[in-house]
Amino acid sequence: TKDQYSDTDTTSTTLYDKSIAMRFTPRYRYCHSIGVKLSKTGSPTAGPIMELIEDYNGTPGGTILRDTLRKESGAISSTAGWHYFDIADDLNVSKNYWIVMVKTGNVSNTYNWHRDGLDTGTHSTSADLITWTPASTPNRWNFTFEEYTSAPVLGIYSDYSDADAKHFVEHIVKKSDITDL
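Here the structure is a predicted model, which means the values were calculated and not measured. (Residues numbered from 1 in each chain as written. Predicted model: local features only at pLDDT ≥ 70, side-chain atom pairs only at ≥ 80, totals over all residues. Heavy atoms only, no water.)

Caption draft 1: Here's a closer look at the overall build of the protein chain. Broken down by element type, the protein chain carries zero helices and twelve strands. In sequence order, the protein chain lays out its α and β elements as β-β-β-β-β-β-β-β-β-β-β-β. Taking all 181 residues of the protein chain together, 36% fall into the buried category. Contacts in the protein chain between residues at least 24 apart in sequence constitute 77% of all its contacts with a sequence separation of at least 6. (Helix = DSSP H or I, 4+ residues; strand = E, 2+ residues; numbered from the N terminus. Buried < 20%, exposed > 50% of the residue type's maximum accessible area, 1.4 Å probe, protein only. Contact = heavy atoms within 4.5 Å.)

Set out below in structure tokens:
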């Protein structure tokens, strides 16, 4: 199930000279995977790297939950496409997290993270993954991402041992991570 996402793609930003981080807040606790829309320029030798980092004072300076999640360079083409990274971790629905695409390659051989052209996003850039510069107006873009959960909001529970023919049994199931949207 798709939890949070930003899928408008009007242009892209290269990853050769900086890492880019896009902030999001999950609605559901379990994060199955995160997808980002990427394309490549030239023939980068290393695959793109994604990290998932907790927010710290409005920057991607918190605990690193996943690092060095890498895709093979051959899996990315010059045409934009969605590429998914396995996360399989519980997130805190009251915290912000950052999807970080790590800088890779050089000006002729790199990856491009696709984005919109709006001034409504919350992202930061870094040359060293330590010092982050928040985007400012008019360049607060929304980079493409899809965050998935695989925990169902509602599940079917069947227990036929309590029911006779032509009778139905109702069960109420409460899940602690269901939130009021």
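Next comes the rest of the description.
Caption draft 2: Up close: the sheet that holds strand β8 (residues 97–101). Taking strand neighbours across the sheet as the criterion, the six strands line up as β6-β5-β8-β3-β10-β11 in an open arrangement whose pairing is antiparallel. Looking at which strands have only one partner, the edges of the open sheet turn out to be β6 (64–70) and β11 (133–134). (Pairing = 2+ DSSP bridges.)

Caption draft 3: The pairing of strand β12 (residues 145–148), seen in detail. Strand direction decides the pairing type here: strand β1 (residues 2–6) and β12, joined by four bridges, are antiparallel. What sits directly across from lysine 2, in β12, is tyrosine 148. Two elements, strand β4 (residues 30–41) and β12, share three bridges in a ladder whose sense is antiparallel. Bridge pairing links serine 33 to tyrosine 148 in β12.

Caption draft 4: Broad picture of the pattern of salt bridges. Tallied over the entire structure, the rule returns seven salt bridges. The shortest N-O distance in the salt bridge between glutamate 54 and lysine 95 comes to 3.7 Å. Placement of glutamate 54 in strand β5 (residues 49–54) and of lysine 95 in the loop between β7 (81–90) and β8 is noted, with a sequence separation of 41 residues between them. Judged by its relative accessible area of 16%, glutamate 54 falls in the buried class. (Salt bridge = Lys/Arg side-chain N within 4 Å of Asp/Glu carboxyl O.)

Caption draft 5: Quick look at the environment of asparagine 112. Counting through the fold element by element, asparagine 112 comes out in strand β9 (residues 110–115). You can call asparagine 112 buried: its relative accessible area is 9%. Sequence-wise, asparagine 112 and leucine 15 are 97 residues apart; in three dimensions their C-alpha atoms are separated by 5.8 Å. If we skip the residues at most four places from it in the chain, asparagine 112 touches Ser12, Thr13, Thr14, Lys37, Leu38, Ser39, Lys40 and Thr41. Engagement of the side chain of asparagine 112 in a polar contact is seen with the side chain of threonine 41, the distance being 3.0 Å. (Polar contact = N/O pair within 3.5 Å; in protein donor to acceptor, adjacent residues only side chain to side chain.)

The values reported here are purely geometric and, on their own, carry no functional implication.
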